[in-house]
Amino acid sequence: MLTLDMILSENRAPSSVEAYIRHAVSCSPFLARLLSKDTALLEDLLTNLSQAYQLSDMQSFLSLQNIQDEAGLKHALRALRQQVMARIITRDLNGLADLQEVMHSTSHLAEIAVQTAIQYLSLWLTPQYGTPVNADGIAQSLIVVGMGKLGGDELNVSSDIDLIFAYEDEGETDSKTNAISNQDYFTRLGKKLIAAIDESTADGFVFRVDMRLRPFGSEGALVSCLDALEDYYQTNGREWERYAWIKGRVIAGESAKLSKLLKPFVFRKYLDFGAFASMRDLKIQIQRDVNSKGMQDNIKLGRGGIREIEFIAQVFQLIRGGRDASLQIKPTLSVLSLLKDKGLLQEKAVHELSEAYIFLRNLEHRLMYVEDAQTQELPKTDEGRARIAKSMNFASDGVGDWPTFLAKLNTHRQIVQMHFDVTFSDTTTTHYDALETEQSIWNGQLPETVAVQDLQQLGFMEPLETLRRLNAVHQSSRYSKLPELSRQRFDTLMPYVISLSAKTPNPDVTLLRMLDLLESICRRASYLALLAEHPEAMHLVVKLCSSSPWLANYLTQHPILLDELLDTRTLYAAPDFTELQDELSSRMGEVKGDIERQMDVMRHFKHATMFRIAAQDIHGELQLETLSDYLTALADLILNVSLTTIWPYVRGKHREVPKFAVIGYGKLGGKELGYASDLDIIFLYDDDAPEAGEVYARFAQRINNWFNSLTSAGLLYETDLQLRPDGNSGLLVSDIAAFKEYQLHKAWLWEHQALTRARFVAGDAKIGEAFEAIRGEVIAQPRDPETLKIEVLSMRQKMRDAQPDAKGESDLKHSLGGIIDVEFLVQYLVLKHAVAHPELIKNIGNIALLKVLGSLEIINSDLAEKAASAYREYRHMQHMLKLQGITNNCVENALVAEHAKNVMTLWLEVF
């Protein structure tokens, strides 16, 4: 019998290649046996060791095989497997291949084995039974789904392949003499496919096949039609099956229906924070099994093993994959990298987990290389340990250094265990269980007098009324009808809510707001799970609800915003509106073609961004001008993304990019938006196409509907189009030339006043430039000062006459010396003096314009500064009133008396 030395000598291998092969053989007795049995494998190594085994190479190999029957098919597939394995092992053990190559090559081998087997087996079955077809005569094919590591394109070298078989529609084969049902046909095909790959012959096996992940496991049908699959997962699907299907991928056959059918089961539409508890329970079951079988040295299932890294990656996919399609990817390392990019895992954690994953997967492969066995257990013998240490490049003088290797392995496993425990720690036991008094109050275990006394001692000012409200919630039908798991979570949270509310400056009111919030979200178990899993988020919710009833109500209306509280780094970070626009555009692209979904996605995005801005405002981090700039920039980017999103849906559109622009007026134009401001906008176009007017009118109508429609995600913005030429009786869109003609020769003075605060917001930049030129020309027109003054004063008086009395209070907007008076002052002065001072044409905001007017000595600079301060304070008060849930603009006279006096002093000086 030829020895390996004799074979190498006869082939005169280059010294480096020979060294590679000898090292691989010393680490893999399995490889040594392969090469001794088949010199062709060694010849392939000598010739091709420098190259990875590509999918195309596998296809070429099989095309040269003489496959005439099932025995020939089995022989060809096993011969391919031996050649691929020999090269993978030798390349990997010598550092010529990285982990990605090993996983991809092995996954490709499994896929081509399945596809080739189906190709030949179907060819041999069809003459006997005919082709399976559905009721419409459309041919059906076997769909094979690769689960687990095969689905993730990260298969182990000696792993089971987890498969699920399916077909689209019921029916029967089209044989006239021997027809059978599609179910029967595909069951026969499936059994033959398993035998072709799994059966051990004289040539070994290709892959062990595991079918236990199919519906009802080993007791279920081998093959299911898609209707049966859908029914199973809707009625019987379990949490661990959601986890398994994250990596599910069709590797043979085609079916867009399968993916569409399963996505709602795997990836919930809402944020699914219940996944933490589900996967924590699954890990506990696995660990219990590991402990009972003494498998602590198992690098896959033991603590700090591969499975814990996979769980960390996949729990975020389960939670967020339904709302963020980019998280529906399958490879573990790619998921970890994406979690870092999205700020869901810290960069250091991802780096450590990725390093550990690569180390553990490389070790897993080396354990399998020894005897081609599916094992993740560390060796027990000294010889086996030395071999593994050497194969992992922990060697001294050619001998494996087990202690050094083991220390490195343990370091990785300890780090993985630490990250797993941080991610899946059961916070409910550490934060919520110690509040005995609060628990007793909530559970109604105390006499009323004792409960009232305890609430008072906790800090509540109206303990009796607070207790009655708590009891009302506890006895309500909404609470009693909650599913058991949701009621348990509610009961877990309430003592903490009572405790946190008691520590706020307004405990009774805060608790009432929190009860309203929890009652509104309690039917969605995931939101309760979010707060249960993240006590720091609950703490922040209580703080925000205490600070602002408007924000509390905003959370109640849009509970999905609770997710924004999980990372205070992003919550309080200054927004990058360029990045935000790119993010929104990307999200819209992910749901392209689904208008309702796009509308909801955009609304969720707007609510989330506005919520972060409001949180920063309450936290005291934003100046007034910064707050308005943020809110205005948000509206600008939403308008821009809306145009690009809506245009493809416009019927009869005649060009790829519309020659169309949105002009902002009022608070949008002046960059002074508040939390509840509507958008004053007009639409302009510059397009000579004969159908342009009609097309852009449809476009404008769709934009208006897009913004004002109330969907399940709420309202985007209310829009006001009254400032367009001729107001409500005018056309919805205006040609730029017609707009110029109107402004120069037909517009009323109040329209020119409005124009001082207008600006290009979105769309075609050239139209924006043309608008700015028109605006400058109109504002700088020479005007008769006396006529201008009379008209401005007349308009202001009409507004005052129409405004109801504030009843002993001051209306920040309408009262004498209020916001509108400041705005009229600035508009009048700009229209009067812009002809001589072009710097007044710039739309820089009322505060800045007042300062410019003062510096030009058009008005007294001291009065200008005082009026600017008054205007700033008025707007600040408006924002604060909104956050406190007050819908009107009225405040006590004393709070604004000095500011109003200063504004009216300037008014009298000017007019």
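What this report covers is the structure whose coordinates are included nearby. Given the structure is predicted, the values throughout are model-derived calculations rather than measurements. (Residues numbered from 1 in each chain as written. Predicted model: local features only at pLDDT ≥ 70, side-chain atom pairs only at ≥ 80, totals over all residues. Heavy atoms only, no water.)

## Brief notes about the overall build of the protein
In step 1: Assigned secondary structure in the protein consists of 42 helices and 16 strands.
In step 2: Taken over the C-alpha atoms alone, the protein extends approximately 115 × 80 × 65 Å along its principal axes.
In step 3: Put simply, the protein has 911 residues, and 55% of those count as buried.
In step 4: Sequence-distant contacts in the protein: of pairs separated by 6 or more residues, those separated by 24 or more amount to 74%.
In step 5: When the accessible surface of the protein is split by element, carbon and sulfur atoms take 50% of a total near 39,200 Å².
In step 6: A gap of 1 Å separates the mean positions of the 95 positive and 122 negative side-chain charges of the protein. (Helix = DSSP H or I, 4+ residues; strand = E, 2+ residues; numbered from the N terminus. Buried < 20%, exposed > 50% of the residue type's maximum accessible area, 1.4 Å probe, protein only. Contact = heavy atoms within 4.5 Å. Areas by Shrake-Rupley, 256 points an atom, 1.4 Å probe, with all protein chains shown as cover. Lys, Arg positive; Asp, Glu negative; His and termini not counted. Charge placed at Lys NZ, Arg CZ, Asp CG, Glu CD.)

## A look at the nonpolar core
In step 1: Residues F490 and F660 are the most contacted members of the largest nonpolar core, which totals 103 residues.
In step 2: Element by element, the count of residues in this core is highest for helix 32 (residues 624-646), at 11 residues.
In step 3: Listed in part, the 71 residues of the second largest apolar core include I67, L80, I161 and L163. (Core = buried A, V, L, I, M, F, W, Y, C linked by side-chain atoms within 4.5 Å.)

## Notes on unusual backbone geometry
In step 1: Unusually for a residue other than glycine, K671 sits at a positive phi of about 55°.
In step 2: Tracing the backbone through its elements, the reader meets K671 in the loop between helix 33 (666-669) and strand 11 (679-685).
In step 3: You can call K671 partly exposed: its relative accessible area is 44%.
In step 4: Located in the positive-phi region is D726, a residue other than glycine, with phi close to 65°.
In step 5: Along the chain, D726 falls in the loop between strand 12 (719-720) and strand 13 (733-735).

## Quick notes on a negative patch on the surface
In step 1: Among the surface-exposed residues, E170, D227, E230 and D231 lie close enough to one another that they form a single negatively charged patch.
In step 2: Here E230 shows up in helix 10 (residues 226-235).
In step 3: The exposure class assigned to E230 is partly exposed, which follows from its relative accessible area of 31%. (Patch = residues over 30% accessible without salt bridge, like charges linked within 9 Å, V, L, I, M, F, W, Y side chains within 5 Å. Salt bridge = Lys/Arg side-chain N within 4 Å of Asp/Glu carboxyl O.)

## Focus on the packing of aromatic side chains
In step 1: Under the counting rule described, the total for this entry stands at 29 aromatic pairs.
In step 2: Ring centres of F216 and Y232 lie 4.7 Å apart, and the angle between their planes is 70°; on these two criteria the pair is classed as edge-to-face. One end of the pair, F216, is in the loop between strand 5 (208-210) and strand 6 (223-225); the other, Y232, is in helix 10, and 16 residues separate them in sequence.
In step 3: The class for Y232 is buried, based on a relative accessible area of 3%. (Phe/Tyr/Trp six-rings, centres within 6.5 Å; stacked < 30°, edge-to-face > 60°.)

## Some remarks on helix 40 (residues 846-855)
In step 1: Among the residues of helix 40, N846, I847, L849, L850, L853 and G854 are the ones counted as buried. Down the axis of helix 40, the smallest arc covering the buried residues is 165°, so these residues share one side.
In step 2: Against the buried residues of helix 40 lie helix 32, helix 39 (819-833), helix 41 (861-883) and helix 42 (893-910).
In step 3: Immediately downstream of helix 40, the backbone of E857 shows phi near 65°, a positive value. (Arc of directions from axis to C-beta.)

## Quick look at the packing of helix 16 (residues 347-371) against helix 17 (residues 382-391)
Think of two packed helices as two axes; the pair is described by the angle between the axes and how far apart they sit.
In step 1: As a packed pair, helix 16 and helix 17 sit with axes 10 Å apart at the nearest point and diverge in direction by 130°. Here helix 16 lies oblique to helix 17, going by the angle between them. When the axes of helix 16 and helix 17 are compared, the crossing they make is right-handed. Counting all contacts with helix 16, which are made through L363, R366, L367 and V370, the residues of helix 17 involved are R387, I388 and S391.
In step 2: For the contact of helix 16 with helix 17, the class distribution of residues is 4 nonpolar, 1 polar and 2 charged. (Axes fitted to C-alpha atoms, helices over the stretch in contact; angles between N-to-C directions. Parallel < 35°, antiparallel > 145°, perpendicular 65-115°, else oblique. Left-handed = near helix turned anticlockwise from the far one by under 90°. Nonpolar A, V, L, I, M, F, W, Y, C, P; charged D, E, K, R; others polar.)

## Considerations on the packing of helix 2 (residues 15-27) against helix 3 (residues 29-37)
In step 1: Between helix 2 and helix 3, the shortest axis-to-axis distance is 5 Å and the interhelical angle comes to 120°. If you check the angle between helix 2 and helix 3, you find them oblique. Contacts from I21, A24, V25 and C27 in helix 2 reach P29, L31, A32 and L35 in helix 3.
In step 2: Looking at side-chain class alone, the contact of helix 2 with helix 3 contains 8 nonpolar, no polar and no charged residues.

## Details of the side chain of S642
In step 1: Its location among the elements puts S642 in helix 32.
In step 2: In contact with S642, other than residues within four places in its own chain, are M602, W706 and F707.

## Comments concerning the environment of V822
In step 1: Structurally, the position occupied by V822 is in helix 39.
In step 2: With a relative accessible area of 1%, V822 lands in the buried category.
In step 3: With 28 residues separating them in the primary sequence, V822 and L850 have C-alpha atoms 9.2 Å apart.
In step 4: With residues up to four places along the chain from it excluded, the contact list for V822 reads L850, Y871 and V903.

## Focus: helix 24 (residues 484-502)
In step 1: Taking 1.5 Å of rise per residue, 19 residues should cover 27 Å, and helix 24 covers 28 Å from first to last C-alpha, within 8% of that figure.
In step 2: Burial within helix 24 is extensive, with 14 of its 19 residues counted as buried. (Expected span 1.5 Å × (residues − 1).)

## Thoughts on the environment of I246
In step 1: If you trace the backbone, I246 turns up in the loop between helix 11 (239-245) and strand 7 (249-252).
In step 2: Separated by 71 residues in the primary sequence, I246 and Q317 have C-alpha atoms spaced 7.9 Å apart.
In step 3: Excluding its chain neighbours within four sequence positions, the residues that come into contact with I246 are V266, Q314, Q317, L318 and K330.

## Focus on the side chain of E823
In step 1: Checked against the element boundaries, E823 lands in helix 39.
In step 2: Its relative accessible area of 11% is what places E823 among the buried residues.
In step 3: Separated by 3.2 Å, the side chains of E823 and R757 make a polar contact. (Polar contact = N/O pair within 3.5 Å; in protein donor to acceptor, adjacent residues only side chain to side chain.)

## What to know about the environment of G321
In step 1: Relative to the helices and strands, G321 resides in the loop between helix 14 (306-320) and helix 15 (332-341).
In step 2: Overall, the relative accessible area of 0% leaves G321 in the buried class.
In step 3: Apart from residues lying up to four places away in sequence, G321 is in contact with F267, F316, L327 and Q328.

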